[in-house]
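If you want the building blocks of each chain, they are given just below.
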Amino acid sequence: MRDRFLIVVMVLFAVLISIAPALAQSTAAGRATTEAGSYRVPRTPDGQPDLQGYWTNSTYTPLQRPEGITRDFFTREEAIEIMKKAAAAESEQTTPGTIADVHYDFTQFGLDRNQGGVPLNLRTSLIFDPPDGRLPPVTAEGKTRAAERAAARKRLGGPWDAAQNQSFSVRCILMNRAGPPMLPGAYNNYYQIVQAPGYVMILVEMIHEPRIIPLDGRPHLPGHVQQLTGNPVGRWEGDTLVVESTNFTDQNPFAEGASEKLRLIERFTRVADDRILYQFTVEDPATWTRPWSAELPMLRTDGPIFEHACHEGNYSLVNALAGARADEKRRAEDAVKKSSQ
Amino acid sequence: MPQPQMPGRLARWVLVTVAAASVLWQSTPVASGQASPYKAPRTADGRPNLNGIWQAITEASWDIEPHAAAQGPAPALGAAGAIPPGLGIVEGGRLPYLPGAAEQKRKNFENRIALDPEVKCYLPGTPRAMYMPYPFQVIQTPKYIMMVFTFARAVRTIYMDDHMEAPADSWMGWSNGRWDGETLVVDTAGFNGMTWFDRAGNFHSEALRVTERFTASSPNHLLYEATLEDPKTFSRPWKISLPLYRRLEPNAQLLEFRCVEFAEDIIYGHLKKQPSQ
Amino acid sequence: MTMNRTIVWAGLGVLLAAAPLAAHHAFSAEFDVQKPIKLTGSLVKWEMINPHSWFHIDVKQPDGQVVRWMIEGGSPNQLIRLGVTKNTLQVGTEFVIEGYLARDGTNKAVGRNFILTDGRRLFLGGSAPGGDPVLK
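K.L.:
Any chance you could explain the overall build of chain C here in plain terms?
P.N.:
Tallying secondary structure elements over chain C gives three helices and five strands in all. For chain C, the N- to C-terminal ordering of α and β elements is α-α-β-β-β-α-β-β. Scored against the burial criterion, the 136 residues of chain C give a buried share of 41%. Looking at chain C alone, contacts between residues at least 24 apart form 48% of all its contacts between residues at least 6 apart.

K.L.:
Honestly, the overall build of chain B in this entry has me stumped. Any pointers?
P.N.:
Across its full length, chain B carries four helices and nine strands. Helices (α) and strands (β) of chain B occur, in sequence order from the N terminus, as α-β-α-α-β-β-β-β-β-β-β-β-α. Within the span of chain B, comprising 277 residues, buried residues form 34% of the whole. Taking as baseline every contact in chain B between residues at least 6 positions apart, the subset at least 24 positions apart corresponds to 58%.

K.L.:
Explain the environment of Q48 of chain A to me, please; I cannot follow it from the model alone.
P.N.:
Residue and element names in this part refer to chain A. Position of Q48 among the secondary structure elements: in the loop between strand 2 (32-33) and strand 3 (53-56). On the neighbour-count criterion, Q48 (20 C-beta atoms within 10 Å) is buried. Dropping the residues within four chain positions of it, Q48 is found in contact with R43, Q195 and W236.

K.L.:
Which parts of the structure should I look at to understand helix 4 (residues 140-156) of chain A?
P.N.:
Three- or four-residue spacings in an α-helix give side chains the same orientation, since the helix completes a turn every 3.6 residues. Relative to the 24 Å expected for 17 residues at 1.5 Å per residue, helix 4 of chain A spans 25 Å between its end C-alpha atoms, a close match to the ideal helical length. G157 of chain A sits one or two residues past helix 4 of chain A and shows a positive phi near 110°.

K.L.:
Which parts of the structure should I look at to understand the interface of chain A and chain C?
P.N.:
By a frequent convention, interface size equals the accessible area lost on bringing the separate parts together. If you look at the interface, chain A gives 63 residues, while chain C gives 56 residues. Elements that contribute at least two residues to the side of chain A that touches chain C include exactly helix 1 (2-18), helix 2 (76-91), helix 3 (113-116) and helix 5 (315-339) of chain A. Looking at side-chain class alone, the side of chain A that touches chain C contains 35 nonpolar, 21 polar and seven charged residues.

K.L.:
What's the story with the pairing of strand 9 (residues 238-246) of chain B in this structure? I'm lost.
P.N.:
Looking along a regular strand, one sees the side chains alternate between the two faces of the sheet. All names here are of chain B. Pairing between strand 1 (residues 52-56) and strand 9: three bridges, direction antiparallel. Within strand 9, the residue paired with A56 across the bridge is L244. Pairing geometry for strand 8 (residues 221-229) and strand 9, over eight bridges, is antiparallel. Pairing of E225 across the sheet is with S241, part of strand 9.

K.L.:
Looking at this structure, I do not really get the sheet that holds strand 1 of chain B. What am I missing?
P.N.:
Adjacent strands of a sheet form backbone hydrogen bonds with each other and so pair up, either parallel or antiparallel. Spatial ordering of the closed barrel is given by 1-2-3-4-5-6-7-8-9 (chain B), a layout of nine strands whose pairing is mixed. On average, each strand axis in the sheet is inclined to that of its neighbour by 30°, with strand direction left out of account.

K.L.:
Can you help me understand the sheet that holds strand 1 (residues 31-47) of chain C in this one?
P.N.:
Residue and element names in this part refer to chain C. Read around the closed barrel, five strands run 1-2-3-5-4, paired in mixed fashion. Taken pair by pair, the neighbouring strands of this sheet meet at an average axis angle of 55°, ignoring direction. Relative to strand 3 (residues 66-72), strand 2 (residues 54-60) is paired through seven bridges, and the arrangement is antiparallel. Looking at the pairing, F55 lines up with I71 of strand 3.

K.L.:
What's the story with the interface of chain B and chain A in this structure? I'm lost.
P.N.:
Contact residues are listed per partner, giving 32 residues for chain B and 35 residues for chain A. Broken down by secondary-structure element, the contributors of at least two residues to the side of chain B that touches chain A are strand 2 (136-140), strand 3 (144-149) and helix 4 (260-268) of chain B. Per-element tally for the side of chain B that touches chain A: the top contributor is helix 4 of chain B, with four residues. In the side of chain B that touches chain A, the residues fall into 17 nonpolar, seven polar and eight charged.

K.L.:
What should I look at first to understand the nonpolar core in this one?
P.N.:
Ranked by size, the top nonpolar core spans 142 residues in total, and within it Y191 and L321 of chain A, M146 and M147 of chain B together with A109 of chain C carry the most contacts. Ranked by the residues each element gives to this core, the list is headed by strand 3 of chain B, at six residues. Setting aside chain neighbours within four positions, we find M146 of chain B in contact with V194 and M201 of chain A together with I139, V155 and T157 of chain B. Among the nonpolar cores identified, the runner-up in size contains nine residues, and Y60, A86, A87 and L120 of chain A belong to it.

K.L.:
Please explain helix 5 of chain A as it appears in this structure.
P.N.:
Over its 25 residues, helix 5 of chain A runs 36 Å from end to end, which matches the ideal 36 Å to within 8%, given 1.5 Å per residue. Along helix 5 of chain A, the residues that are buried comprise S316, L317, N319, A320, L321, A322, G323 and A324 of chain A.

K.L.:
Please explain the confidence of the model for chain C as it appears in this structure.
P.N.:
Note: predicted coordinates in regions of low pLDDT should not be interpreted at a detailed level. All names here are of chain C. Mean pLDDT over chain C works out to 80, with 74% of the residues at or above the 70 mark. Taken together, the stretch residues 1-22 has pLDDT below 50 and engages in 24 contacts with residues farther than four places along the chain or on a different chain. Every residue in residues 126-136 scores below 50 in pLDDT, and together they form 26 contacts with partners more than four places removed in sequence or on other chains. Both scores are given for the predicted complex: the pTM is 0.88, the ipTM 0.89.

K.L.:
Help me out: how do you make sense of unusual backbone geometry in this one?
P.N.:
Backbone geometry follows two general trends: most residues other than glycine have a negative phi, and most peptide bonds adopt the trans configuration. Here D129 of chain A and P130 of chain A are connected by a cis peptide whose omega angle stands at 15°. One can find P130 of chain A in the loop between strand 4 (127-129) and helix 4. Residue P180 of chain A is bonded to the preceding G179 of chain A through a cis peptide linkage, with omega at 15°. Phi is positive for N247 of chain A, close to 65°, though the residue is something other than glycine. In this fold, N247 of chain A is placed in the loop between strand 9 (240-246) and strand 10 (263-272). The backbone of N251 of chain B sits at a positive phi, close to 60°, despite the residue not being glycine. Tracing the backbone through its elements, the reader meets N251 of chain B in the loop between strand 9 and helix 4.

Each value, and the rule that gives it
- Residues numbered from 1 in each chain as written.
- Chains lettered and ligands numbered in written order.
- Predicted model: local features only at pLDDT ≥ 70, side-chain atom pairs only at ≥ 80, totals over all residues.
- Helix = DSSP H or I, 4+ residues; strand = E, 2+ residues; numbered from the N terminus.
- Buried ≥ 20, exposed ≤ 12 C-beta atoms within 10 Å, placed from the backbone.
- Contact = placed C-beta atoms within 7 Å.
- Expected span 1.5 Å × (residues − 1).
- Nonpolar A, V, L, I, M, F, W, Y, C, P; charged D, E, K, R; others polar.
- Pairing = 2+ DSSP bridges.
- Axes fitted to C-alpha atoms, helices over the stretch in contact; angles between N-to-C directions.
- Core = buried A, V, L, I, M, F, W, Y, C linked by C-beta atoms within 7 Å.
- pLDDT = per-residue confidence, 0-100.

Laid out in structure tokens, this is it:
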């Protein structure tokens, strides 16, 4: 039964990637130049380049280039091989009695990336600048801040002493890869883009995160008004939507360690009917010695996006806290028994 | 092509009369139930343009029924935490609860700090999100009309075509919309029954169906009407109506109201590790 | 060519490691890897919610008593995209559930495998009851 399932997956996977267009090449500055047969982006009724629809940015490509790889791009054949192997690995079942096995099976619920569609990506890493595909060095201030954050976490106590000791993801406040920048997480890597005059809206599926991007060139909020996902302002540069976000808090959940001084520039360019090239540049002189940039494709897909009411349904956090308290109680009772023997 | 000329005095009389008539026509008060003479500017696809940032000005968030001022549930807040008086938004004034449901409402009211989903930062549901005292934004396209709310960053997706039944129950419900001339009509069902209508404990079951009508009544306000049907809770359908006003400040925008952190001790505090003796 | 291949396969390990595993830590805090369980029961309700869905099932004990269990499953969002609705799983559907017991001592478990009486795995671990899902 499982083998048959795998074969179906592989066949459909092959069909999917065979119709995927070759990815547009990019310069170090992050501007996409399309290959021969350039795509003409359709327009919305009010004349904006049309990015609308449901999109997924699932990927098997790591953020940083793995050690031992120096090329920017795999060949198409290599990339397909890697994706096939990654898809097969996702379908593999975990071993009973291991920590990894203490989980529902992603594949049963269609949540493994392969079942949702993974756009072909020839890049060896999402980061393309610096040219070595790796994060730039962290500044002294960045190292100090990381150490302070780790120390502050330790002062809170054990990870399950209180809900507030857990990550924003576990607390259903913000998934740390939801961004911005928008990177795929474990599953439900879906986005809905709608456009009305003067605005682009992106609904991020996980925790129904609504990004409303005004296009009127308004100023950012006053500097002291800080928000977890910053304050975005957008504009069109030709057919590319450029979104600049500032006003981040110092609780930035962006996993790579950004500060409240983060200035994020995102670029969305529709390069084919079923593909948006998503690029972003991170400027945070308080954390990295230089800006860095990454890109990954968004693949057209089907909706709908069902309400991801994460906080409302968060039995898991209650259960984990209750489990930790029950474990403590058991250990305390065992200790009392032992000492009375 | 040259037009036949009217005698001068007659022409002026005609012009004055026509002008006066058109002024009277514009300022004719709108009787309830009649179509408003105001026609909103059109979107590119020819529909009334409801895009913008809107907000209700009403005390319905505290209690959708007419009510006098009263002590609030947190006496430490004194007058700042009191319940302000309001005319309510319910047509006919009182909600037609079934007897068992009326008793549940009373219990909700008495225990509202513990039971009100708003206190826990849960999604407010429909129609409560429409009249909470914070701005919300409408982003209108031919296929989807999105509504984004300040409180808990709630989102409503109104499907303008490809209508389907709710695949599963949700907090905000599943909304199918259509145009009826100048009016956006939205049918919403598929509720999970866990939301309230206000802070007074007025509630509904998962059987709730909401039919809303949005009609632009001037450049800067919409008439919002909703019919609520829930045969498990109420003896008959009932209706609310209120204006929704455009936020006119330059650069008006929704700010982040992430309230989970404000509710965590309330929800999880009893599971915190206690300091050992 | 051989050298490049080696590098590619070495890189593959890192690519696969890109699969987020942080979620497992939270699960092993909620459920006990030392306490695998196997239950047979019938569906009372499938709570199609996020971040994880919950199957409420009635389990008949050897003494004849019926006990209610809550079993954790995945987000329903992708299944909904494939046409699954609250009407897909009938009340009374019989399951065998293999999983791990909750640490907090209540009748809860994570459903590692949901198996129907005919041996098929639920939803996409086989074919979905009520029709084949569309694979992307």
